[in-house]
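Descriptive structure summary
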Amino acid sequence: MPELPEVETTRLGITPHILGHKIIDVVIRQRKLRWPIPRGLAQKLQGQTIQAVERRAKYLLLKIETGTLILHLGMSGSLRILPANTPAEKHDHFDLVFNNGLCLRLTDPRRFGAVLWSKEPVEQHKLIQHLGPEPLSEAFNANDLYSKSRGRKVSVKQFIMDGKVVVGVGNIYASEALFLAGIHPKKAAGKISAERYELLVSSIKKVLAAAIEQGGTTLRDFVGGDGKPGYFAQQLNVYGRTSEPCSTCGQPIKQLTLGQRSTYYCPNCQH
DNA sequence: AATCGCGCCTGACGGC
DNA sequence: TGCCGTCAGGCGCGAT
């Protein structure tokens, strides 16, 4: 499932092929994604040139003169660059066709993704405007996290997965970052010291940056057709490793559920 | 204001 | 082999 590192890697992969190029066709095969693809979108995009390819949280932002195309990959979405005439397969819902003979194609079996349009400055868009800081920016720091956590009774894992607190920390990397920081996922956010938040912030940054770096080397081929861009198998210490020995102490990794999400941790290393 | 839990959707997987 | 139930999961949203 695309977490922030996959989305960022996707951004880096598609940018050179679409930046500065003109959209000559828009193909919508399935409008029913998480929200319907808006009516009239094709006409808004037709003939426009991509001026920037940005990312906010897990939203990809394709900026053109008159507004911003917002893309989200949901659970199972992926974007590829293909020759413009590549036949569509099942789950290929949306194409942008460019004047360089290439096509940006959205594939999304579960359709939790989204294709939306923002006319106003995209920072003011409903889905964007209330988002917390980017995890890899300086705005995300221990002071900020600590002050936001005071009085909060939710588990620290749910807390760092809350997009108003910090964006882009998904289920996998939340478990991984807490493992690195030695913090038990169930511990109440409001009961964690400033010192430990210092460690947690650096762990989140470290885990995400490492995954993005690995993505850059693993996911090199965005052009071509060989199936989906295989999202990289990140080295994971705890996620999905129930009963396997902890890489630090050898104790079996445990699993629990927090906020309807499976959560993995080492009962010996995390408190 | 904070918290809880629903729902969207399909593929994979286990049991029979 | 085939059918069916269950689960995973991002994240906005409505209810409490």
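Residues numbered from 1 in each chain as written. Chains lettered and ligands numbered in written order. Predicted model: local features only at pLDDT ≥ 70, side-chain atom pairs only at ≥ 80, totals over all residues. Heavy atoms only, no water.

Focus: the protein's contact with DNA strand C
What counts, and what does not: The nearness test applies per residue and asks whether one of its heavy atoms lies within 4 Å of the molecule or strand. Two N or O atoms count as a polar contact when they lie within 3.5 Å, although within protein this holds only if one can serve as hydrogen donor and the other as acceptor, and sequence-adjacent residues are included solely when both atoms are side-chain atoms. Under the scheme applied, nonpolar residues are Ala, Val, Leu, Ile, Met, Phe, Trp, Tyr, Cys and Pro; charged residues are Asp, Glu, Lys and Arg; polar residues are all the others, including Gly.
In the neighbourhood of DNA strand C, 16 residues make up the surrounding shell, with Tyr59, His72, Tyr239, Arg261 and Ser262 lying closest. Protein-proximal atoms of DNA strand C, defined as those within 4 Å of the protein, fall in sugar or phosphate at a share of 60%. The contact in question runs from a phosphate oxygen of DNA strand C to an N or O atom on the side chain of His72, over 2.3 Å. Contacts to DNA strand C include Ser262, whose side-chain N or O atom sits 2.6 Å from a phosphate oxygen. Residue composition of the surface near DNA strand C, grouped by class: 7 nonpolar, 4 polar and 5 charged.

Brief notes about the side chain of Ser149
Put simply, the test is: By the criteria applied, helices consist of DSSP H or I runs no shorter than four residues and strands consist of E runs no shorter than two, each listed in order from the N terminus. When checking whether two residues touch, look at their non-hydrogen atoms; a contact exists if any pair is within 4.5 Å.
Along the chain, the position of Ser149 falls in helix H3 (residues 142-149). Of note is the side chain of Ser149, whose polar atom sits 3.0 Å from the side chain of Arg150. Excluding its chain neighbours within four sequence positions, the residues that come into contact with Ser149 are Phe159, Ala189, Gly190 and Tyr197.

What about the confidence of the model for chain A?
For the record, the criterion: Here pLDDT means the predictor's own confidence in every residue, given as a number from 0 to 100.
Of the residues in chain A, 93% reach a pLDDT of 70 or more, and the chain-wide mean stands at 91. Below a pLDDT of 50 lies the segment residues 223-228, which in the model reaches 12 contacts outside its immediate sequence neighbourhood of four places, other chains included.

Brief notes about the protein's contact with DNA strand B
Residues in contact with DNA strand B, as listed here, are Arg34, Lys90, His91, Pro109, Arg110, Arg111, Phe112, Arg152, Lys153, Val154 and Gln260. Backbone sugar and phosphate groups make up 56% of those atoms of DNA strand B lying within 4 Å of the protein. One of the backbone N or O atoms of Lys153 is found 2.7 Å from a phosphate oxygen in DNA strand B. Looking at the surface near DNA strand B, its residues break down into 3 nonpolar, 2 polar and 6 charged.

Examining the pattern of salt bridges
Selection criterion: By definition, a salt bridge exists where a carboxyl oxygen of Asp or Glu is found within 4 Å of a side-chain nitrogen of Lys or Arg. Burial status follows relative accessibility: with a 1.4 Å probe on protein chains alone, a residue under 20% of its type maximum counts as buried, one over 50% as exposed, and anything between as partly exposed.
For the structure shown, the criterion picks out 14 salt bridges. With its nearest N and O atoms 2.5 Å apart, the salt bridge here joins Asp95 to Arg29. Here Asp95 is found in strand E6 (residues 92-98), whereas its partner Arg29 is found in the loop between strand E1 (23-28) and helix H2 (41-45), with 66 residues between them in sequence. Linking Arg55 and Glu134 is a salt bridge whose minimum nitrogen-to-oxygen distance equals 2.9 Å. Pair noted here: Arg55 is in strand E2 (residues 52-56) and Glu134 is in the loop between strand E8 (114-118) and H3, with a separation of 79 residues, a long-range link. Both residues of the pair, Arg55 and Glu134, belong to the buried class.

Thoughts on helix H1 (residues 4-18)
Filter applied, for reference: Multiplying 1.5 Å by the residue count of a helix minus one yields the expected span of that helix.
Its 15 residues give H1 an end-to-end C-alpha distance of 21 Å, which sits within 8% of 21 Å, the value for a rise of 1.5 Å per residue. Taken across its 15 residues, H1 has 12 buried, putting it largely inside the fold. Listed as buried for H1 are Leu4, Pro5, Glu6, Val7, Glu8, Thr9, Thr10, Arg11, Gly13, Ile14, Thr15 and Ile18. Gly20 sits one or two residues past H1 and shows a positive phi near 85 degrees.

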